[in-house]
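Spelled out from the first residue to the last, the chains are:
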Amino acid sequence: MNALKKINVVYWSDFACPYCYIGEKRLESVLKDMKIKDMVNLKMKAFELNPNASPKVESKTDVRFAMKYGMSIEGARNQIEKISKLGRAEGIDFKYADTLYTNMLDAHRLTKLAESKGKDVDKVIYLLFDGYFTKNLVLSDRSVLIKIGKEVGLEEKEIIEMLDSDKFKDEIRKDESEAYKMGVQGVPFFVINDKFRIYGCQSREGMKRILMDALNDHLENSGSGMSCGPDGCH
C-alpha cells in the first residue's frame, strides 16, 4: 500500500443526487476499511443535474419521479424506497421520499465560499447532503444556507454578499465544463490522481478494486455503476 504516498480524489457531485451522497459515504467507508483514509485528499466539484431547476419547490418527489420516468406514482414510490434502502445501508437516515427539490446553484456556491475562506468544506458538503436527504430542507432557501455557513465559521454578512452576487458561478460552470469535456454524463464521477476513474456509485468491492489498482498504479479501466444525469438516475 505504499505505491502512492498520497491519493488525490476529485469527484463531481450534486446535492440533489441520491447516488452522490450514497457513493460518497460508501467511498469514505471503503477508505476506512482499507486503512488509507489519511492518505487521501478528497475534493468535490460541482455538477448540477438541472441548472434550470426552479428556486422554489414545485412538486412532491414521487410526482416528479413518476413524470420524469414515465411511471405510476406507486412505481415511483417503490423505486424511491429502493434507493433509500441503499442509503440506509450506508448508515444514512435517508428520507428521499420527503426531499424538497429546488435549484442547487447557491448550495454549490456556498461550498466554494467555504473553500475560499479556508473553512471545513467536507463539513459543509455533509451538512448540505444531510440537510436535503435527512432533514429535508430547501437548499435554495437563503436562511438554510446562512445557517449551514455559520456552522462552519462563515460570517453571515459574507454569505449574504455572496448570495446577492454572481460570485463563484463561473467556477461552477468551469467544474461542469471540465466534466463534460471528459465525457461525463452523470454523477457521481470520481477521478483518482488525475488518471483513474470511478463511474457512478459502484459497489464497495468495485471501489476497493479501483483504489487498490490506483495504489499500485496499474488501473486501466473501470466499470459503470449507478449514476444520476440530466435525464435521471439509473
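Scroll up to find the structure.
Residues numbered from 1 in each chain as written. Predicted model: local features only at pLDDT ≥ 70, side-chain atom pairs only at ≥ 80, totals over all residues. Heavy atoms only, no water.

Q: Before we go on, may I ask you to explain unusual backbone geometry in this structure?
A: A cis geometry characterises the amide bond from Val 187 onward to Pro 188, with omega recorded as 10 degrees. In this fold, Pro 188 is placed in the loop between helix H8 (169-181) and strand E3 (189-192). Here the phi dihedral of Lys 35 falls at roughly 60 degrees; this positive angle occurs in a residue that is not glycine. Summarising the element assignment, Lys 35 is placed in the loop between helix H1 (18-33) and strand E2 (40-46). Unusually for a residue other than glycine, Asp 194 sits at a positive phi of about 60 degrees. Tracing the backbone through its elements, the reader meets Asp 194 in the loop between E3 and strand E4 (196-199). According to the relative accessible area criterion, Asp 194 is exposed, its value standing at 76%. (Helix = DSSP H or I, 4+ residues; strand = E, 2+ residues; numbered from the N terminus. Buried < 20%, exposed > 50% of the residue type's maximum accessible area, 1.4 Å probe, protein only.)

Q: What is the right way to read the packing of H1 against helix H5 (residues 121-133) from this model?
A: The description of two packed helices rests on the angle between their axes and on the distance between the axes. For the pair H1 and H5, interaxial distance at closest approach is 11 Å and the crossing angle is 130 degrees. Relative to H5, H1 is oriented oblique. Crossing handedness for the pair H1 and H5: left-handed. Together, Pro 18, Cys 20, Tyr 21 and Glu 24 of H1 and Ile 125, Tyr 126, Phe 129, Asp 130 and Phe 133 of H5 make up the contact between the two elements. Classifying every residue of the contact of H1 with H5 gives 7 nonpolar, no polar and 2 charged. (Axes fitted to C-alpha atoms, helices over the stretch in contact; angles between N-to-C directions. Parallel < 35°, antiparallel > 145°, perpendicular 65-115°, else oblique. Left-handed = near helix turned anticlockwise from the far one by under 90°. Contact = heavy atoms within 4.5 Å. Nonpolar A, V, L, I, M, F, W, Y, C, P; charged D, E, K, R; others polar.)

Q: So what exactly am I meant to see when it comes to the environment of Leu 211 here?
A: Examined against the element boundaries, Leu 211 turns out to sit in helix H9 (residues 204-215). For the pair Leu 211 and Leu 31, spaced 180 residues apart in sequence, the C-alpha to C-alpha distance is 8.6 Å.

Q: Hey, could you run me through the sheet that holds E4 in this one?
A: Either a parallel or an antiparallel arrangement is found when strands of a sheet pair, and the pairing is made through backbone hydrogen bonds. Within the open sheet, the 4 strands sit side by side as E2-E1-E3-E4. Their pairing is mixed. Two strands bound the open sheet, and with one partner strand each, they are E2 and E4. Each adjacent strand pair in this sheet contributes to an overall mean axis angle of 20 degrees, direction not counted. For E3 and E4, the ladder comprises 4 bridges, and the chain directions are antiparallel. Pairing of Phe 190 across the sheet is with Ile 198, part of E4. Against the sheet, H1 contacts strand E1 (7-13), E2 and E3, and its axis sits at roughly 165 degrees relative to E1. (Pairing = 2+ DSSP bridges.)

Q: What is the right way to look at the pattern of salt bridges in this model?
A: A side chain with one charge may pair with a side chain of the opposite charge, provided their charged atoms come close. A complete count under the given rule lists 17 salt bridges for this structure. Of the charged contacts, one joins Arg 88 and Glu 81 as a salt bridge, the two residues approaching to 2.3 Å between their closest N and O atoms. With its nearest N and O atoms 3.1 Å apart, the salt bridge here joins Asp 164 to Arg 142. Taken together, the residues Asp 164 in the loop between helix H7 (156-163) and H8 and Arg 142 in helix H6 (residues 142-151) connect sequence positions 22 residues apart. In this structure Asp 164 comes out as exposed when scored by relative accessible area, which is 57%. (Salt bridge = Lys/Arg side-chain N within 4 Å of Asp/Glu carboxyl O.)

Q: Looking at this structure, how should I read the nonpolar core?
A: Note on soluble globular proteins: their nonpolar side chains tend to be buried together. Counting 70 residues, the largest nonpolar core has Trp 12, Phe 15, Phe 94, Leu 110, Leu 128, Leu 139 and Ile 192 as the members making the most contacts within it. If we skip the residues at most four places from it in the chain, Leu 110 touches Val 124, Leu 128, Leu 145, Ile 148, Gly 149, Leu 154, Ile 159 and Met 162. (Core = buried A, V, L, I, M, F, W, Y, C linked by side-chain atoms within 4.5 Å.)

Q: Could you clarify how one ought to interpret helix H2 (residues 61-69) in this entry?
A: Because each turn of an α-helix spans 3.6 residues, side chains separated by three or four positions in sequence point in the same direction. Buried within H2 we find Thr 61, Asp 62, Phe 65 and Ala 66. Angular distribution of buried residues about the axis of H2 spans 130 degrees; they occupy a single face of the element. At the C-terminal side of H2, Gly 70 shows a positive phi close to 65 degrees. (Arc of directions from axis to C-beta.)

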